[in-house]
Amino acid sequence: MTAAPAAVTLSQNPLLESVKVGHWQLAHRIVYAPLTRQRAIDNVPQPAAATYYAQRATKGGLMISEATVVSAEGRGYAHTPGIWSKEQVEAWKPIIKAVHDKGAVFLCQLWHTGRASHPAFQEGGKDPVAPSAIAIPDAKVFLPDGSQAPYTKPRALDISEIPARVDAFRQGARNALDAGFDGVEIHSANGYLLDNFLKASCNQRTDKYGGTIENRARFTLEVVDAVVKEVGDSQKVGIRFSPFYVLGAEDPHKNAVFTYVVEELNSRNLAYVHMIEPRKRGSEKEGSPSALFDYTQRDQNLSIFRIAYTGTFMVAGGHDRESGIQSLKTDRADLIVYGRHFLANPDFVKRIELNAPLNQYDRTTFYSQDQEKGYTDYPYLEE
Ligand SMILES: Cc1cc2nc3c(=O)[nH]c(=O)nc-3n(C[C@H](O)[C@H](O)[C@H](O)COP(=O)(O)O)c2cc1C
């Protein structure tokens, strides 16, 4: 008697396999990246965001909101949403409901831009705050009126002012839950406040928040602990890091810094750690210190952190279908986070399933106040 061929029970595509992430049993491993769209007029989310997010929501999918500012001081870009006022919390509610109606899990990315701001965004025209008074070199900031200017020198936070910044994240988490989000992602990446503390190029403090790796990691870990306590469940809290160069934030010992941080997080039992790969290609000048990214780091990867971290590990940055599948197959990550492709393809998950061609993303509409163009009008496959 010949044995019947083994039934193919598992999907051939690991991106479509179920996975438990923190509190949630997800249906697939394709995550919607946090993507700033600058459509939240005067920092208040608009109704079109409900359509936009719901278009990209799938049953059992994980979505991370665009970076959402925890305090007025945390702003550094025009028309990005906040979560510090009652009006903002109320405005988020129908957006979250629209995502939940599609069966997705929706986390709020909590944000403070730190030195990546400008007096034009600050109440009373004050200087933005940072660990040290070091301006972002060379790069330019977009001001509220759309013009560009060099980044200015931030004001170094006094040690007595640090607890209030930690508390702003705690309050942001509370407000996010009150709005209906399922949990939060702490934004500790991309040259903003938490990343400013972590990396030597922007932290020259001599108190317990600067100097050694342990000291530079203190602020981020205090934010994690405060947020977890407020949320009441570490499995509803994730965190995002960018070990590589971005917006002048870099560290000559980044492997040691981020290995230390993820090892500290091992015992904190978070939902996940989310990391951004080195930038592989782009329009900026290769290796230029004035670039947003440093393309000379393209051959490096996140393996050392993947190995050091014992929990769920998500990666973002330049992935397509094939590289996502390969990263899962070679155990470089548990989930793949997609930004630009997912932004331009509301039915991205279906296209991954069918291996269908993708709409091209339109950079010129990434950041705009238009509530439709480049936002809710990307076509579906059927069209
Ligand atoms: C339009 C745009 C907005 C972004 N906004 C955010 C953001 O709000 N928070 C964040 O952590 N990263 C942000 N990023 C980075 C993305 O989350 C992601 O890491 C990056 O786009 C690389 O992934 P991709 O190659 O799949 O697009 C943004 C990127 C783009 C293109």
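Refer to the structure above for everything that follows.
About the cut-offs
Residues numbered from 1 in each chain as written. Predicted model: local features only at pLDDT ≥ 70, side-chain atom pairs only at ≥ 80, totals over all residues. Heavy atoms only, no water. Axes fitted to C-alpha atoms, helices over the stretch in contact; angles between N-to-C directions. Helix = DSSP H or I, 4+ residues; strand = E, 2+ residues; numbered from the N terminus. Parallel < 35°, antiparallel > 145°, perpendicular 65-115°, else oblique. Left-handed = near helix turned anticlockwise from the far one by under 90°. Contact = heavy atoms within 4.5 Å. Phe/Tyr/Trp six-rings, centres within 6.5 Å; stacked < 30°, edge-to-face > 60°. Buried < 20%, exposed > 50% of the residue type's maximum accessible area, 1.4 Å probe, protein only. Pairing = 2+ DSSP bridges. Near = heavy atom within 4 Å. Polar contact = N/O pair within 3.5 Å; in protein donor to acceptor, adjacent residues only side chain to side chain. Areas by Shrake-Rupley, 256 points an atom, 1.4 Å probe, with all protein chains shown as cover. Core = buried A, V, L, I, M, F, W, Y, C linked by side-chain atoms within 4.5 Å. Salt bridge = Lys/Arg side-chain N within 4 Å of Asp/Glu carboxyl O. Right-handed = clockwise from strand over helix to strand, strands pointing away.

*Asks:* Provide a residue-level description of the packing of helix α5 (residues 213–231) against helix α6 (residues 254–266), including the pertinent values.
*Replies:* α6 packs onto α5 with a crossing angle of 40° between their chain directions and a minimal axis gap of 10 Å. It follows from the interaxial angle that α5 and α6 lie oblique. In the packing of α5 onto α6, the handedness of the crossing is right-handed. Seen from α5, the contacting residues are Ile213, Glu214, Arg216, Ala217, Leu221 and Val224; seen from α6, they are Ala256, Val257, Tyr260, Val261, Glu264 and Leu265.

*Asks:* Tell me about the packing of aromatic side chains, and please be specific about residues and values.
*Replies:* One pass over the structure, following the stated rule, counts 20 aromatic pairs. Where Tyr53 meets Phe106, the ring centres are 4.9 Å apart and the plane angle is 55°; that geometry is what we call tilted. With Tyr53 in helix α1 (residues 48–56) and Phe106 in strand β6 (residues 105–111), this pair connects stretches of sequence that are 53 residues apart. When the centroid spacing of 6.2 Å and the interplanar angle of 80° are considered together, the rings of Tyr77 and Tyr192 count as edge-to-face. Taken together, the positions of Tyr77 in the loop between β5 (68–69) and α2 (86–101) and Tyr192 in the loop between β11 (183–188) and α4 (193–198) put the pair 115 residues apart, joining distant regions of the chain. Look at Tyr192 and you get buried, because its relative accessible area is 9%. Among the aromatic residues, ring-to-ring pairing joins Tyr32, Tyr52, Tyr53, Trp92, Phe106, Phe181, Tyr338, Phe342, Phe348 and Tyr375 into one connected group.

*Asks:* If you had to explain the pairing of β6 to someone new, which residues and values would you point to?
*Replies:* When you tally the buried positions in β6, you get 7 out of 7 residues, the bulk of the element. With 3 bridges connecting them, strand β4 (residues 62–64) and β6 associate as parallel partners. What sits directly across from Ile64, in β6, is Leu107. Examined bridge by bridge, β5 and β6 share 2 bridges and lie parallel to one another. Each residue of the ladder has a partner; that of Thr68, found in β6, is Leu110. Sheet analysis places β6 next to β11, joined by 4 bridges and oriented parallel. Its bridge partner being in β11, Gln109 is matched across the sheet by Glu185.

*Asks:* Run through the site of the ligand, naming residues and quoting values.
*Replies:* The ligand sits among 17 residues. The nearest are Thr36, Arg240, Gly318, Gly339 and Arg340. In the model, an oxygen atom of the ligand is placed 2.6 Å from a nitrogen or oxygen of the Gly318 main chain. Between an oxygen atom of the ligand and a main-chain N or O atom of Gly339, the distance comes to 2.8 Å. Protein contact buries 90% of the 610 Å² of open area that the ligand shows by itself.

*Asks:* Go over the nonpolar core, please, and point to the residues and values.
*Replies:* As a rule of thumb, nonpolar side chains are buried together in soluble globular proteins. Of all hydrophobic cores here, the largest spans 98 residues; its most connected members are Tyr53 and Leu265. With 9 residues, the single largest contributor to this core is α5. Residues in contact with Tyr53, not counting those within four places in the same chain, are Tyr32, Met63, Ser65, Glu66, Trp92, Ile95, Val99 and Phe106. If you look at the next biggest cluster of nonpolar residues, it comprises 15 residues, including Trp111, Ile136, Tyr151 and Leu247.

*Asks:* Which residues make up the pattern of salt bridges, and what are the values?
*Replies:* All chains considered together, the criterion is met by 18 salt bridges. We note a salt bridge from Arg268 to Asp225, for which the minimum N-O separation is 2.8 Å. Of this pair, Arg268 sits in the loop between α6 and β13 (272–276) while Asp225 sits in helix α5, placing them 43 residues apart in sequence. The exposure class assigned to Asp225 is partly exposed, which follows from its relative accessible area of 35%. Of the charged contacts in the structure, one is a salt bridge between Lys350 and Glu382, with a shortest N-O distance of 2.6 Å. On the criterion of sequence distance, the pair formed by Lys350 in helix α10 (residues 348–354) and Glu382 in the segment after α10 is long-range, its members being 32 residues apart.

*Asks:* Residue-level account of the pairing of β13, with values.
*Replies:* Of all 5 residues in β13, 5 are buried, a share of seventy percent or more. Of the two faces of β13, the one lined by Tyr272, His274 and Ile276 and the one lined by Val273 and Met275 are each fully buried. In this sheet, β13 lies alongside strand β12 (residues 237–241) in parallel orientation, the contact comprising 4 bridges. The partner of Gly238 across the bridge, within β13, is Tyr272. Handedness of the β-α-β unit built from β12, α6 and β13 comes out right-handed. In terms of strand pairing, β13 meets strand β14 (residues 313–316) through 4 bridges, oriented parallel. By the bridge assignment, Val273 is partnered in β14 with Phe313.

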